[in-house]
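Fold and geometry: a report
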Amino acid sequence: MGPDLPPGFRWIPGWLDAAEGDALFRRIVAETRWEDPILRVAGRTIAMPRRVAFFGPFAYAYSGVLHPPRPLPPAIDEIRRRIEDIAGHPFNTVLVNLYRSGADSVSWHSDDDYPHGGHPAVASLSLGATRRFRIAHKRDARARFSLELTPGGLLVMDGRSQLDYRHALPKSASAHGQRVNLTFRFMAATNAD
C-alpha cells in the first residue's frame, strides 16, 4: 500500500534503480548549463531558491523568468520516452531543478501556467537526496498530504491534479545533499506572449 495521496497523484517509488538513478543524477549535475534566475514577486526581485534548466520546443515564462526553447539532451530525452510509457501521457518539455541543500525550495504553486493542448499531466522524477513534498487542495483547507520524494521515484500528476491542488517543496533543516528534479510536461505552444 502506497502513501495516502489525492486523486490524480500516483507515486512509483524506485522507478529507477539506485545505480541508474545515481548515474543519471551525477551526469545531470555535471553536464547541465544551470541558470540562477531572479524572480519578480509582488513588486520585488529575489534570487530563485534553486538552480534550473529548461528544455523544450517552446519558450517558457513564469515570475518574470523567460526560458528560450532548447532541445532535450539525449540522456533526458531517453528518460522522457520511458516516462511517457509508464505515465500514459506525451511529454515534450522538462524543467530541471537543482536543490543544492535543504535551504533551496519551491513555494506553493500548480503546474498550470502553459498551454498544454489537452495534455495537462506532469511527471516528476526525483534524483539525489530525499525531500518532503507537500500537496494541498485549493478550496478545502483540510485536504493536505505529504510525500517523501525518494531517489529514483516517479510522481505522475494527471486528471484534475493541477486544477484542484497546489504543491510545494519547502525548506528543510533536516535535508542533506543535493536533489535533482525533472518535471516533464507537454507544451502545445509558448506561454511567453
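Notes on the structure follow. (Residues numbered from 1 in each chain as written. Predicted model: local features only at pLDDT ≥ 70, side-chain atom pairs only at ≥ 80, totals over all residues. Heavy atoms only, no water.)

1. Concerning the pairing of strand β3 (residues 44–47)
Put simply, the rule is: Any two strands between which DSSP finds at least two bridges are classified as paired. In this description a helix means any DSSP run of H or I spanning at least four residues, a strand means any run of E spanning at least two, and both kinds are numbered starting from the N terminus.
Bridging between strand β2 (residues 38–41) and β3 involves four bridges; their strand directions are antiparallel. From the neighbouring strand, Arg40 faces β3, where its bridge partner is Thr45.

2. Some points on the packing of aromatic side chains
Each pair of aromatic rings is reported with the distance of its centres and the angle of its planes. Using the following cut-off: Note on aromatic pairs: the rings of Phe, Tyr and Trp (six-membered ring only in Trp) are paired at centre separations within 6.5 Å, and the planes decide the class, stacked below 30 degrees, edge-to-face beyond 60, tilted for the rest. Note on classification: 1.4 Å probe, protein chains only; a residue is buried when its accessible area is under 20% of the maximum for its type, exposed when over 50%, partly exposed between these limits.
Tallied over the entire structure, the rule returns five aromatic pairs. With a centroid separation of 5.2 Å and an interplanar angle of 45 degrees, the aromatic rings of Tyr60 and Tyr62 are classed as tilted. Across the pair, exposure class does not vary: Tyr60 and Tyr62 are buried alike. With a centroid separation of 6.4 Å and an interplanar angle of 70 degrees, the aromatic rings of Phe145 and Tyr165 are classed as edge-to-face. In this pair, Phe145 is assigned in strand β11 (residues 144–149) and Tyr165 in strand β13 (residues 165–169), connecting sequence segments 20 residues apart. Tyr165 matches Phe145 in its accessibility class, with the two residues each being buried. One aromatic cluster in this structure is built from Phe54, Tyr60, Tyr62 and Tyr114.

3. Some details on the sheet that holds strand β9 (residues 122–128)
Cut-off, in case you're wondering: Note on method: axes are straight lines fitted to C-alpha atoms, helices fitted across the in-contact stretch only, with angles between N-to-C directions ranging 0 to 180 degrees. Here a residue-residue contact requires only that any non-hydrogen atoms of the pair lie within 4.5 Å.
What the six strands build is an open sheet, ordered β1-β12-β9-β14-β7-β4; its pairing is antiparallel. Each end of this open sheet is capped by a strand with a single partner; those strands are β1 (9–12) and β4 (51–55). Adjacent strand axes in the sheet meet at a mean angle of 15 degrees, parallel and antiparallel pairs treated alike. Examined bridge by bridge, β4 and strand β7 (residues 93–99) share five bridges and lie antiparallel to one another. When the sheet's bridge partners are listed, Phe54 is paired in β7 with Leu95. Docked against the sheet, helix α1 (residues 18–31) engages β7, β9 and β14 (179–185), running at close to 90 degrees with respect to β9.

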